[in-house]
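The lines below spell out each chain.
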Amino acid sequence: MSGKTTTSTTTTAQATNTLGNVSLNGVTIVTKSVDKLSDIPTLNGNQAIRAIKGDLTVMCPQFGAQVFALVGVTTVIVEGNIRINCNTAYPSGDTTSSVAWIAKGGNITIDASVTNIAGVYVAIPATAGDTTTTGQFQGTSATNTILKIDGSLYGNANPLFTTRLYARGTSAYDILTTGTIITYSNRALVNPPPLLSQYLGNYSVERVVK
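Every value quoted in this text rests on a predicted model; they were computed, and no experiment measured them.

Engineer: Looking at this model, I keep getting lost on the state of the cysteines. Mind explaining?
Structural biologist: The term disulfide refers to a covalent linkage connecting the sulfur atoms of a pair of cysteines. All chains considered together, the criterion is met by one disulfide. At a sulfur-sulfur separation of 2.1 Å, the disulfide partner of Cys60 is Cys86. Its S-S torsion of approximately 95° makes the covalent link between Cys60 and Cys86 right-handed. With Cys60 in the loop between β5 (56-58) and β6 (68-69) and Cys86 in the loop between β8 (82-84) and β9 (88-89), this residue pair connects regions lying 26 residues apart in the sequence.

This is the structure:
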């Protein structure tokens, strides 16, 4: 282990308006597994906003690099649950893409095999203040695999953290490396995904550094 200090930044949130300000009444109810963003239906023809009613599973592409590519400035709104079954990343050298994932009235589950995800992830509970059943980040099973997040989480992430068991310390550098490492990214500030600030405006946000 090197002498570099590892800092994990987590964000918790309390919803004041549980489902946000955007109506999905015109969205067809679809439960989908996708391996690219363009597989998700657009909202009213807007290529930068993609939405479904139902559960969404993010899969690795069948061919090529085994990573789900985050391309463009895009917001994905799911009125249901989101499950991440594949590493997600911005293309190498791409400094402008910025992607947000929003689960309205559902949870965001990250498979135990996933090691790296990027983007902004928002889990909004179905009932204001209730983050014990929805509005959670979860793991599929306990694992010693480290999860590295390039971005930020909004919602109750404790259930996810408790499934990532890895912990290592060294007295030589006074470092503790844990099972979940979140590195804050400013992509969402430089190139804000559409409607993200509108959804985050429904939260009273507390930032905690561990």
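Engineer: Please explain the packing of aromatic side chains as it appears in this structure.
Structural biologist: The geometry of an aromatic ring pair is captured by the separation of the ring centres together with the interplanar angle, meaning the angle of the planes. Scanning the model with the defined rule gives two aromatic pairs in all. Through successive ring pairs, a cluster of aromatic residues spans Phe68, Trp101 and Tyr121. Its guanidinium or amino end placed over the ring of Tyr90, Arg187 lies 3.9 Å from that ring's centre, counting from NZ or CZ.

Engineer: What should I look at first to understand a nonpolar patch on the surface in this one?
Structural biologist: On the surface, Tyr184, Leu189 and Val190 cluster together into a nonpolar patch covering about 320 Å² of accessible area. Among the secondary structure elements, Tyr184 is positioned in the loop between β17 (180-183) and α2 (187-190). Exposure remark for Tyr184: the relative accessible area of 40% places this residue in the partly exposed category.

Engineer: Which parts of the structure should I look at to understand the nonpolar core?
Structural biologist: In globular proteins that are soluble, nonpolar side chains generally tend to be buried together. Counting 32 residues, the largest nonpolar core has Trp101 and Leu153 as the members making the most contacts within it. Elements with a minimum of two residues in this core: β5, β7 (73-79), β8, β10 (98-104), β11 (108-110), β12 (116-124), β14 (147-154) and α1 (158-161). It is β12 that contributes the most residues to this core, four residues altogether. Residues Ala51, Ala100, Val122 and Ile124 belong to the second largest nonpolar core, which totals 16 residues.

Engineer: Sorry, what's going on with the side chain of Ser152 here?
Structural biologist: Looking at the element boundaries, Ser152 is found in strand β14. We classify Ser152 as buried; its relative accessible area is 6%. With sequence-adjacent residues up to four places away left out, Ser152 is seen in contact with Gly119, Val120 and Tyr121.

Engineer: Is there a simple way to explain the sheet that holds strand β3 (residues 42-43) in this structure?
Structural biologist: Where strands meet in a sheet, backbone hydrogen bonds hold them as pairs that are either parallel or antiparallel. Read across the sheet, seven strands follow the order β3-β4-β7-β10-β12-β14-β17 without closing on themselves; strand pairing throughout is mixed. Strand pairing shows two members of the sheet lacking a second neighbour, β3 and β17, which therefore form its edges. As paired elements, β10 and β12 share five bridges and run parallel to each other. Residue Lys104 lies in a different strand from β12, and its bridge partner there is Ile124.

Calculation criteria
- Residues numbered from 1 in each chain as written.
- Predicted model: local features only at pLDDT ≥ 70, side-chain atom pairs only at ≥ 80, totals over all residues.
- Heavy atoms only, no water.
- Disulfide = S-S within 2.5 Å.
- Helix = DSSP H or I, 4+ residues; strand = E, 2+ residues; numbered from the N terminus.
- Phe/Tyr/Trp six-rings, centres within 6.5 Å; stacked < 30°, edge-to-face > 60°.
- Lys NZ or Arg CZ within 6 Å of the ring centre and 35° of its normal.
- Patch = residues over 30% accessible without salt bridge, like charges linked within 9 Å, V, L, I, M, F, W, Y side chains within 5 Å.
- Areas by Shrake-Rupley, 256 points an atom, 1.4 Å probe, with all protein chains shown as cover.
- Salt bridge = Lys/Arg side-chain N within 4 Å of Asp/Glu carboxyl O.
- Buried < 20%, exposed > 50% of the residue type's maximum accessible area, 1.4 Å probe, protein only.
- Core = buried A, V, L, I, M, F, W, Y, C linked by side-chain atoms within 4.5 Å.
- Contact = heavy atoms within 4.5 Å.
- Pairing = 2+ DSSP bridges.

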